[in-house]
Amino acid sequence: MKVLAVFGAAIMIWASLMWAVGVAMAMLEGRFGVAAALMAGPLVAKLAWTAWKALK
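Reading the values: the criteria
Residues numbered from 1 in each chain as written. Predicted model: local features only at pLDDT ≥ 70, side-chain atom pairs only at ≥ 80, totals over all residues. Heavy atoms only, no water. Patch = residues over 30% accessible without salt bridge, like charges linked within 9 Å, V, L, I, M, F, W, Y side chains within 5 Å. Areas by Shrake-Rupley, 256 points an atom, 1.4 Å probe, with all protein chains shown as cover. Salt bridge = Lys/Arg side-chain N within 4 Å of Asp/Glu carboxyl O. Buried < 20%, exposed > 50% of the residue type's maximum accessible area, 1.4 Å probe, protein only. Axes fitted to C-alpha atoms, helices over the stretch in contact; angles between N-to-C directions. Helix = DSSP H or I, 4+ residues; strand = E, 2+ residues; numbered from the N terminus. Parallel < 35°, antiparallel > 145°, perpendicular 65-115°, else oblique. Left-handed = near helix turned anticlockwise from the far one by under 90°. Contact = heavy atoms within 4.5 Å. Nonpolar A, V, L, I, M, F, W, Y, C, P; charged D, E, K, R; others polar. Expected span 1.5 Å × (residues − 1).

## Some thoughts on a nonpolar patch on the surface
And then number 1: There is a patch of nonpolar side chains on the surface, built from I13, W14, L17 and M18 and spanning about 460 Å² of accessible area.
And then number 2: Its relative accessible area of 54% is what places I13 among the exposed residues.

## Looking at the packing of helix α1 (residues 2–28) against helix α2 (residues 32–55)
And then number 1: Two numbers describe how α1 lies on α2: the axes approach to 7 Å, and their chain directions differ by 160°. The angle between the axes of α1 and α2 places the two elements in the roughly antiparallel class. The chirality of how α1 crosses α2 is left-handed. Mapping the contact onto sequence places W19, G22, V23, A26 and M27 in α1 and F32, V34, A35, L38, M39 and P42 in α2.
And then number 2: Per-class residue counts for the contact of α1 with α2 are 10 nonpolar, 1 polar and no charged.

## Some remarks on α1
For an α-helix, 3.6 residues make a turn, and residues three or four places apart therefore share a direction.
And then number 1: Between its terminal C-alpha atoms α1 stretches 39 Å, which fits the 39 Å expected from 27 residues at 1.5 Å a residue.
And then number 2: Residue G30 follows α1 closely and has a positive phi angle near 80°.

## Considering the environment of F32
And then number 1: Within the secondary structure layout, F32 lies in helix α2.
And then number 2: Owing to a relative accessible area of 54%, F32 belongs among the exposed residues under this scheme.
And then number 3: On a C-alpha basis, the gap between F32 and K53 in space is 32 Å, while along the polypeptide they are 21 residues apart.

Rendered as structure tokens:
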């Protein structure tokens, strides 16, 4: 079970880095709609995670 937690944490860290790169690139290219959508993503994910934890 501990392996799964470490693996999950690694995926989260990698996803966070990819997200940050995506937001930065979208902003540099002047695609603020894309940047805004990317920024809203983690908020939606956090809400979904909280709801899932509450149901479990």
